[in-house]
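Tertiary structure, described
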Number of protein chains: 2
Amino acid sequence: MLNPQLSDFGATMSRLTGVRAIMKDIVETLQARAGEDLINLSAGNPVILPEVEQLWRDCTRDLLASPHYGEVVCRYGASQGYQPLIEAVVADFNQRYDLHLTPRNVLITPGSQSLYFFAANAFGGTGREIVLPLSPDYTGYGGICLVPESLRAVRPALEVDEAGHEFKYRPDFDQLEFGAETGCVIFSRPCNPTGNVLSEGEVRRIAALAALREIPVLVDAAYAAPYPALNFTPMNPVFAPNIVHCISLSKAGLPGERVGIAIGDEGILRAIEGFLTNACIHASRYGQALAAQAIASGALAHLSETVIRPHYQHKFTVLAQGLRAGLSLDLPWFLHRGEGGVFAWLWLRDLPISDWELYQELKQAGVIVVPGHTFFPGLRQEWSHARQCVRISLTASVHDIERGVQRLTQVVQRVMAYRTVSSLAS
Amino acid sequence: MLNPQLSDFGATMSRLTGVRAIMKDIVETLQARAGEDLINLSAGNPVILPEVEQLWRDCTRDLLASPHYGEVVCRYGASQGYQPLIEAVVADFNQRYDLHLTPRNVLITPGSQSLYFFAANAFGGTGREIVLPLSPDYTGYGGICLVPESLRAVRPALEVDEAGHEFKYRPDFDQLEFGAETGCVIFSRPCNPTGNVLSEGEVRRIAALAALREIPVLVDAAYAAPYPALNFTPMNPVFAPNIVHCISLSKAGLPGERVGIAIGDEGILRAIEGFLTNACIHASRYGQALAAQAIASGALAHLSETVIRPHYQHKFTVLAQGLRAGLSLDLPWFLHRGEGGVFAWLWLRDLPISDWELYQELKQAGVIVVPGHTFFPGLRQEWSHARQCVRISLTASVHDIERGVQRLTQVVQRVMAYRTVSSLAS
């Protein structure tokens, strides 16, 4: 095996960050203990819902039956994206949210991860910051920066319901500042990993602060309405001149095909499109053609509300009930308000061991979650809170979630019993 | 429209380079003169061949009929690629070329353009060069470098058959040097735009020079055997420890799906895979699943030899005949040896105007080709030759190629008549 010398970019970008670094340990654990009753609540792969798979199968059949098949699959496409998909998005969003989008306000990317990669490096880099206004946030933002120092995350304020064992992160506007060196702003809404949905007012305030310097704000809507509509609390997308609304079809059942959709200002999108063109020509077109049909017919939005959302919302309820049943009310545990997404986020205040050690204990007890510190990319200051959380996936079966949470609560009960007096007093 | 501030990367990467900068002019010309008899010999989009489209349709039907559909399209995949495709490539190449590849020697990327982007920046960048050992070469290499100064192309030697009006580029090994600052080497074989096929000896010599410093050599095999087998001269892929053999399925009828295949050293591929993971998670899986079937069954290699190759080879013959029929033998015109690919490359020595001016004259006469200077990315020295060539596409119909070449030869005859005495004497 060769050991070719890497450039600075190579050294940065070939390193796996966040959850990806931990996935290796998880995969090895699952392999080493194959056959054992190990419950995996770490997965990010969405559930294959039969109705949703059927939708994509139907769209594929229609594509095969149409004379367009060759044009879609056997031709290079425009870098901006497949025109029928762009038009379907424009029509749907204009009608749904009373907007005045034109096709120039839409760009299709090879998945939304690549959208953040292109945007982060088109606007950020040496001396130009990429700001995550509310930490924790999506672990993948840690991997998109060619210049890692350019990523800066802002510590949030905590709204804690002590009696209800619930909490919610809020942007801390006292700490949130954008300057001449700010290149762009990114956050997910609903948030991976926490399930937080920033309020419309919070989003508008962040965007307004950024608008003072024409800074693009990318709102990662991978879990948002109208597709996959994985919001459990009412929410609407927020539009503003400097907001780029970023859709993914991955949680709408199409993660295998990489389709990201950016909606926003033409000037911002043009810069991202140029980057995309040079780096990869265009996004795959099969998924785009399927999405064009499913959006234009309304089927995707309908299934999102009637199938995808209730599926995960129910699992969140099961999980929350399991925690309440298994954890003493006198322990300082707090579940983040479940406002959307496919994960639950548990904060164990005064946890006497690190989240990594807790993860190891949980593995021993036969349940795998993701230690929370991996979700604070770009946070430069030490913060004990970042070592007191775990992410629990809602993609396992209801039965496994029930059993997994039972194991988890037993371990947490035991571990939390050893809290020191000093941490009790803190 | 906003005017957000770009980072250095953004300024570099959002700029369209090479042919892409000219495509705008071509598209505008085609739109402005819609309805006119304008023959487009500039296109890079491959012809949709009925037998090839049928292959992908058949594979799609099989995928739809299989229980794997959901696993392919409705799931995230491994960053390395879809396992059945990796295994099909390993089996096919081991059998075909008597190799000992394992799955660790294969990486699937979202198209081969992205493969060059990831590799160029993993191994090249500030102070680390990306070397194109034989200029001209694929225009897209001009767009992949985050640090544009890091691209260095080497001027070739010319082997000219004056009487036969043919020529061929050869690597100039007197000029070709790799140093501690060399990050990687890239070239296409068969070459876009020239149709040149570097000899096996030339490839081995380049690889051996690079091997002294463990420098990866990426051989862009987008037109090579075994698929799409667009070599018109016998050739075999060359394997060496530091060679990454890079396959594209775009000219095998699958450009709409972005599927690139890298075959080579595990250490090199691992760095590229990490970059890929962070930037875009994985390549789309539908195209990978189709390719897995078509490669495993042997159908793709068979159609490549029996349908794709003869189709373009015939067109090259038609074009060469048209040039011979239309251009005086006393003019210094030279067609690059047609050893493969989907383009022809014409050198007009002593052309009294620039290639850009010739392109404008040709447009007036109703035929569009691509001016050649766009294919010398990274060439730092002035070279008059780089302004004396045009690329002619073989993707138009035989009829249109005949008519287009007729128009082209008339313009060239007229323009070349004005050569100055000094250029005649040179």
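Definitions and cut-offs
Residues numbered from 1 in each chain as written. Chains lettered and ligands numbered in written order. Predicted model: local features only at pLDDT ≥ 70, side-chain atom pairs only at ≥ 80, totals over all residues. Heavy atoms only, no water. UniProt positions renumbered as here; feature names shortened; annotations may be inferred. Contact = heavy atoms within 4.5 Å. Buried area = accessible area lost by both parts, 1.4 Å probe. Polar contact = N/O pair within 3.5 Å; in protein donor to acceptor, adjacent residues only side chain to side chain. Helix = DSSP H or I, 4+ residues; strand = E, 2+ residues; numbered from the N terminus. Least-squares fit on C-alpha atoms with pLDDT ≥ 70 in both. Salt bridge = Lys/Arg side-chain N within 4 Å of Asp/Glu carboxyl O. Buried < 20%, exposed > 50% of the residue type's maximum accessible area, 1.4 Å probe, protein only. Domains from an automatic or database assignment. Nonpolar A, V, L, I, M, F, W, Y, C, P; charged D, E, K, R; others polar. Core = buried A, V, L, I, M, F, W, Y, C linked by side-chain atoms within 4.5 Å. Expected span 1.5 Å × (residues − 1). Arc of directions from axis to C-beta.

In the nomenclature of an unreviewed UniProt entry, chain A corresponds to Aminotransferase, class I and II from the organism Gloeomargarita lithophora Alchichica-D10. Per UniProt, chain A has the following entry under Sequence similarities (unreviewed entry): "Belongs to the class-I pyridoxal-phosphate-dependent aminotransferase family." Looking at the Cofactor (unreviewed entry) heading of the UniProt record, one finds this comment for chain A: "pyridoxal 5'-phosphate".

Quick word on the interface of chain A and chain B
Across the boundary between the two partners, chain A contributes 84 residues, which contact 84 residues of chain B. Summing both sides of the interface, chain A and chain B together bury roughly 7,000 Å²; the carbon and sulfur share of this comes to 60%. Of all residues in chain A, A:Leu2, A:Tyr76 and A:Asn278 bury the most surface against chain B, accounting for 11% of the area lost on that side. The tally of links from chain A across to chain B stands at 50 residue pairs in polar contact (both at pLDDT 80 or more). It is helix H8 (residues 266-280) of chain A that contributes the most residues to the side of chain A that touches chain B, 11 residues altogether.

What to know about the relation of the copies chain A and chain B
Aligned on chain B, chain A shows an RMSD of 0.0 Å; the corresponding rotation is 180 degrees and the shift along the axis is 0.0 Å. Such a turn and shift between the copies fits a two-fold axis. Identified as the residue of chain A closest to the rotation axis by C-alpha distance is A:Ser284, at 3.4 Å. Counting the interface residues of chain A, we find that 100% of their copies in chain B are interface residues as well, pointing to one common contact surface.

Quick notes on the pattern of salt bridges
Within this structure, the stated rule accounts for 46 salt bridges over all chains. Here B:Asp400 makes a salt bridge to B:Arg403, at a shortest N to O gap of 2.7 Å. Taken as a pair, B:Asp400 and B:Arg403 lie in helix H12 (residues 398-416) at a separation of 3 residues, close to a single helical turn. In this structure B:Asp400 comes out as partly exposed when scored by relative accessible area, which is 24%. Given a relative accessible area of 22%, B:Arg403 falls into the partly exposed group. Linked by salt bridges that have partners in common, A:Glu159, A:Glu166, A:Lys168, A:Arg170, A:Glu202, A:Arg337 and A:Glu339 make up one network.

With respect to the domain arrangement of chain A
Residue and element names in this part refer to chain A. Partitioning chain A into domains gives domain 1 (16-48 + 303-415) and domain 2 (51-300). On the domain 2 side, the residues contacting the 47 residues of domain 1 number 58 residues. A combined buried area of about 4,400 Å² lies between domain 1 and domain 2, and 57% of that area is made up of carbon and sulfur atoms. The tally of links between domain 1 and domain 2 comes to 4 salt bridges. The shortest N-O distance in the salt bridge between Lys168 and Glu339 comes to 2.7 Å. There are 31 residue pairs in polar contact (both at pLDDT 80 or more) connecting domain 1 and domain 2. Across the side of domain 1 that touches domain 2, the residue classes break down as 24 nonpolar, 13 polar and 10 charged.

Let's talk about the nonpolar core
Ranked by size, the top nonpolar core spans 164 residues in total, and within it A:Trp56 and B:Trp56 carry the most contacts. Ignoring any residue separated from it by four or fewer positions in sequence, one finds A:Trp56 in contact with A:Ala252, A:Gly253, A:Leu254, A:Leu290, A:Ala291, A:Ala294, A:Leu300, B:Tyr69 and B:Cys74.

What about the UniProt feature "domain: Aminotransferase class I/classII large" (unreviewed entry) in chain A?
In the UniProt entry, the feature "domain: Aminotransferase class I/classII large" (unreviewed entry) is given for residues 67-408 of chain A. Across residues 67-408 of chain A, helical content stands at 35% and strand content at 18%; the span's end C-alpha atoms are separated by 54 Å.

As for helix H7 (residues 200-211) of chain B
Residue and element names in this part refer to chain B. With 12 residues, H7 ought to run about 16 Å at 1.5 Å a step, and its terminal C-alpha atoms sit 16 Å apart, in line with that. Buried within H7 we find Glu202, Val203, Ile206, Ala207 and Ala210. Each buried residue of H7 sits inside an arc of 130 degrees when the element is viewed along its axis, so together they form one side. In this structure, the buried residues of H7 make contact with strand E6 (166-170), strand E7 (182-188), strand E8 (217-220) and strand E9 (243-248).

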